[in-house]
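Coordinate analysis (summary)
The chain contents come next:
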Amino acid sequence: MNFVEELRWRGMIHDLTPGTEEYLSKGMGTAYVGIDPTADSLHIGHLVSVMILKHFQQCGHKPIALVGGATGMIGDPSGKSLERNLLDETTLRHNQEAIKKQLSRLLDFESDAKNAACLVNNYDWMKELSFLGFIRDIGKLITVNYMMAKDSVKKRFEGDGEGMSFTEFTYQLVQGYDFVHLFETMECKMQLGGSDQWGNITTGTELIRRKLGAEAYGLTCPLIKKADGTKFGKTESGNIWLDARYTSPYKFYQFWLNTSDEDAKSYIRIFTMLGREEIDALIAEQDAAPHLRPLQKRLAEEVTCMVHSRGEWEKAVEASQILFGGSTAEALRGLDEETLLAVFEGVPTFKVAASDIDGANFVDFMVEKAPVFPSKGELRKLIQGGGVSLNKEKVEDAARAISSADLIAGKYLLVQKGKKNYYLIVAE
RNA sequence: GGGGGAGUACCAGAGUGGCCAAAUGGGACAGACUGUAAAUCUGUUGGCGCACGCCUUCGGUGGUUCGAAUCCAUCCUCCCCCA
């Protein structure tokens, strides 16, 4: 299978250096992607790079994931208008470990195959490097003029921003040096990344050309966009993380399920390994029966299974059916405690004393005892607009009281704000 | 150093003595419609015992006035022009 061809039909190529296809056609190639360890979990923005590595590996090449322990300490100025905050070493170490764990579930690091994936941390070689050594061996090879011509740098010199520190200016050289190092030690001749990395990648290939007199290659993928122009991978509640502690598998599943038709058509090519025929068939199915959303369902299934597990996917589907499948108050009451908790895992939960329940006024209770809503006025207005439900039944009267008879399984209250926002109240 | 302008709710932006809890647009939230979509339409968007009542808000402070976002003084911040 041809890697470049594969990415091309999936719409995952933004730019590539000349000679890339030829290099990869000569047998097993090696390429790396850099990942900034700014948090102790990857988010779905990282997923694109990981998918590229996955394809790379599937096409018989050797992928390397580079955790940027050193570069993370500097901060990539690309796409940033302000100087970045630096991370301390302890945090970085912790983040690196967590990211390693996540990556190892997505790529094959274990097998004996020649092209098993590999994980490196640039801190391991950067920490040995002396400042003097660096400016002698690397700094000499590149002119400031060349570095200034990069978009990521130019932007910081013009217009808004607040200037750029020497540290960030040097970033591209440091990242370029990674490439040189991997080229020399692992025969890694290619770097992959998002389109914002193009400048950094070409600095690397340039360094390799000047220092080693050798050819190296780069490929970038377009930044993922949503059809409505808003930012991909963010919701009101923030980033979508791969770590279940930050984004529950249910939320994760829901995120993909809720993509628009248009986006789903491109996402399914980018975020799943499904083949061309299968995807074309799904798209045809979607066009024939859009309300059934076969595309979104399949997309959500594939990605959730890949990132979490089939078991988590099944739970997410089950939870979705209970939450959105037109279930009634009776169905809700029919649930046993265990299922209930599983379904509402990750839903904001409030604990109250059981003695506070009986006879309490609904509005007062929801603001004072279990602060689901920030103010009584807002809650009243929502109730008037028909936007609040208790145990799947619309709250009609703002003055209604609650009692222990409202408790599900003797200790839970399920409050809904609108259709999608659930809150669980536990009486203890 | 000289001259001019501006700071209003989440954002943008009206208002320049009482009719201002403050136009309008965007955003956000909710309702209807739907496919848990998009588009559209509707409502809400300072707090409180909420249908015309009270309290806190228009950069800070202090004043004038029966009454101030609006007038005066002063301080702070930002922008523009000239040197």
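Residues numbered from 1 in each chain as written. Chains lettered and ligands numbered in written order. Predicted model: local features only at pLDDT ≥ 70, side-chain atom pairs only at ≥ 80, totals over all residues. Heavy atoms only, no water.

1. Considerations on the overall build of chain A
- Within chain A, the regular secondary structure consists of 19 helices and 15 strands.
- Judged by the C-alpha coordinates and their principal axes, chain A covers about 80 × 50 × 40 Å.
- Counting all 428 residues of chain A, 51% fall into the buried class.
- Across chain A, contacts joining residues at least 24 apart in sequence account for 73% of those joining residues at least 6 apart.
- Carbon and sulfur atoms provide 50% of the accessible area of chain A, an area that totals close to 20,200 Å².
- Averaging the coordinates of the 50 positive side-chain charges in chain A and doing the same for the 60 negative ones gives two points 2 Å apart. (Helix = DSSP H or I, 4+ residues; strand = E, 2+ residues; numbered from the N terminus. Buried < 20%, exposed > 50% of the residue type's maximum accessible area, 1.4 Å probe, protein only. Contact = heavy atoms within 4.5 Å. Areas by Shrake-Rupley, 256 points an atom, 1.4 Å probe, with all protein chains shown as cover. Lys, Arg positive; Asp, Glu negative; His and termini not counted. Charge placed at Lys NZ, Arg CZ, Asp CG, Glu CD.)

2. Section: the protein's contact with RNA strand B
- Around RNA strand B sit 27 residues in total, of which Gln254, Asn258, Arg293, Arg380 and Asn421 are the nearest.
- Here RNA strand B approaches the protein such that, of its atoms within 4 Å, sugar and phosphate make up 60%.
- Take Ser375: an N or O atom from its side chain is 3.3 Å from a phosphate oxygen of RNA strand B.
- Within the contact set of RNA strand B, a base oxygen lies 3.1 Å away from a side-chain nitrogen or oxygen of Lys419.
- Of all elements in the fold, only helix 11 (249–257), helix 15 (310–324) and helix 19 (376–384) reach the threshold of two or more residues within the surface near RNA strand B. (Near = heavy atom within 4 Å. Polar contact = N/O pair within 3.5 Å; in protein donor to acceptor, adjacent residues only side chain to side chain.)

3. Observations concerning the side chain of Asp40
- Within the secondary structure, Asp40 is located in the loop between strand 2 (30–35) and helix 3 (44–58).
- Side chain to side chain, Asp40 and Tyr246 meet in a polar contact 2.7 Å long.
- When residues no more than four places from it in sequence are discounted, the contact partners of Asp40 are His94, Asn95, Ala98, Asp243, Arg245 and Tyr246.

4. A look at the sheet that holds strand 3 (residues 62–67)
- If you trace the six strands from one edge of the open sheet to the other, you get 1-6-5-2-3-4, paired in mixed fashion. A single partner strand is all that each edge strand has here, and the edge strands are strand 1 (15–16) and strand 4 (118–121).
- In the sheet, strand 1 pairs with strand 6 (residues 217–221) via two bridges, with the strands oriented antiparallel. Note on strand 6: the bridge partner recorded for Leu16 is Leu219.
- Contacting strand 2, strand 3 and strand 4, helix 4 (residues 89–106) crosses the sheet at an angle of about 170° to strand 4.
- Against the sheet, helix 10 (residues 198–212) contacts strand 1, strand 5 (190–194) and strand 6, and its axis sits at roughly 175° relative to strand 6. (Pairing = 2+ DSSP bridges. Axes fitted to C-alpha atoms, helices over the stretch in contact; angles between N-to-C directions.)

5. Digging into the pattern of salt bridges
- Throughout the structure, instances matching the rule amount to 19 salt bridges.
- The closest approach of N and O atoms between Arg298 and Glu278, which form a salt bridge, is 2.9 Å. Remark: Glu278 occurs in helix 13 (residues 276–288) and Arg298 occurs in helix 14 (residues 294–307); sequence separation between them is 20 residues.
- Arg298 gets classed as partly exposed once you look at its relative accessible area, which sits at 21%.
- Taking the relative accessible area as the measure of exposure, Glu278 reaches 36% and is therefore partly exposed.
- For Lys411, the salt bridge identified is with Glu337, shortest N-O distance 3.7 Å. Of this pair, Lys411 sits in the loop between strand 13 (401–402) and strand 14 (412–417) while Glu337 sits in helix 17 (residues 337–343); the two residues are 74 residues apart in sequence, bridging distant segments of the chain.
- Here Lys411 falls in the partly exposed class, since its relative accessible area comes to 26%.
- The class for Glu337 is partly exposed, based on a relative accessible area of 34%.
- Each of Glu206, Arg209, Arg210 and Glu215 takes part in salt bridges that share partners, so that together they form one network. (Salt bridge = Lys/Arg side-chain N within 4 Å of Asp/Glu carboxyl O.)

6. Side note on the nonpolar core
- Grouped together as the largest cluster of nonpolar side chains are 60 residues, with contacts concentrated most on Phe3, Ile44, Leu47, Met190, Leu192, Trp256 and Phe271.
- For this core, the leading source of residues is helix 3, giving eight residues. (Core = buried A, V, L, I, M, F, W, Y, C linked by side-chain atoms within 4.5 Å.)

7. Some remarks on the sheet that holds strand 11 (residues 388–390)
- Pairing within the open sheet is mixed, and its five strands lie in the order 9-15-14-11-12. Each end of this open sheet is capped by a strand with a single partner; those strands are strand 9 (349–352) and strand 12 (393–394).
- The sheet contact formed by strand 14 and strand 15 (residues 421–427) spans six bridges and is antiparallel. What sits directly across from Leu414, in strand 15, is Leu424.

8. Some details on the confidence of the model for chain A
- Of the residues in chain A, 93% have a pLDDT of 70 or more, and the chain-wide mean is 87.
- For this predicted complex, the interface confidence score (ipTM) comes to 0.81, while the overall pTM stands at 0.81. (pLDDT = per-residue confidence, 0-100.)

9. Considering the side chain of Asp406
- Following the sequence through the fold, Asp406 ends up in the loop between strand 13 and strand 14.
- The contact partners of Asp406, leaving out residues within four places of it in the chain, are Arg333, Leu390, Asn391, Arg400, Ala401, Tyr412 and Leu413.

10. Some thoughts on the packing of helix 12 (residues 261–271) against helix 13
- Running from N to C, helix 12 and helix 13 point in directions that differ by 170°, and their axes come no closer than 10 Å. Between helix 12 and helix 13, the interaxial angle falls into the category roughly antiparallel. Between helix 12 and helix 13, the contacting residues are Asp261, Lys265, Ile268 and Arg269 on the first element and Ile279, Leu282, Ile283, Gln286 and Asp287 on the second. (Parallel < 35°, antiparallel > 145°, perpendicular 65-115°, else oblique.)

11. Comments concerning helix 3
- Its 15 residues place the ends of helix 3 21 Å apart at the C-alpha level, agreeing with the 21 Å of an ideal helix rising 1.5 Å per residue.
- The set of residues buried in helix 3 consists of Ile44, His46, Leu47, Val48, Ser49, Val50, Met51, Ile52, Leu53, His55, Phe56 and Gln57.
- Looking at the residues trailing helix 3, positive phi occurs at Gly60, about 90°. (Expected span 1.5 Å × (residues − 1).)

12. Remarks on the state of the cysteines
- Taken as a whole and assessed by the stated rule, the structure comprises zero disulfides.
- Counting only cysteine sulfurs, Cys118 is the nearest neighbor of Cys188, a cysteine outside any disulfide, at a range of 9.6 Å. (Disulfide = S-S within 2.5 Å.)

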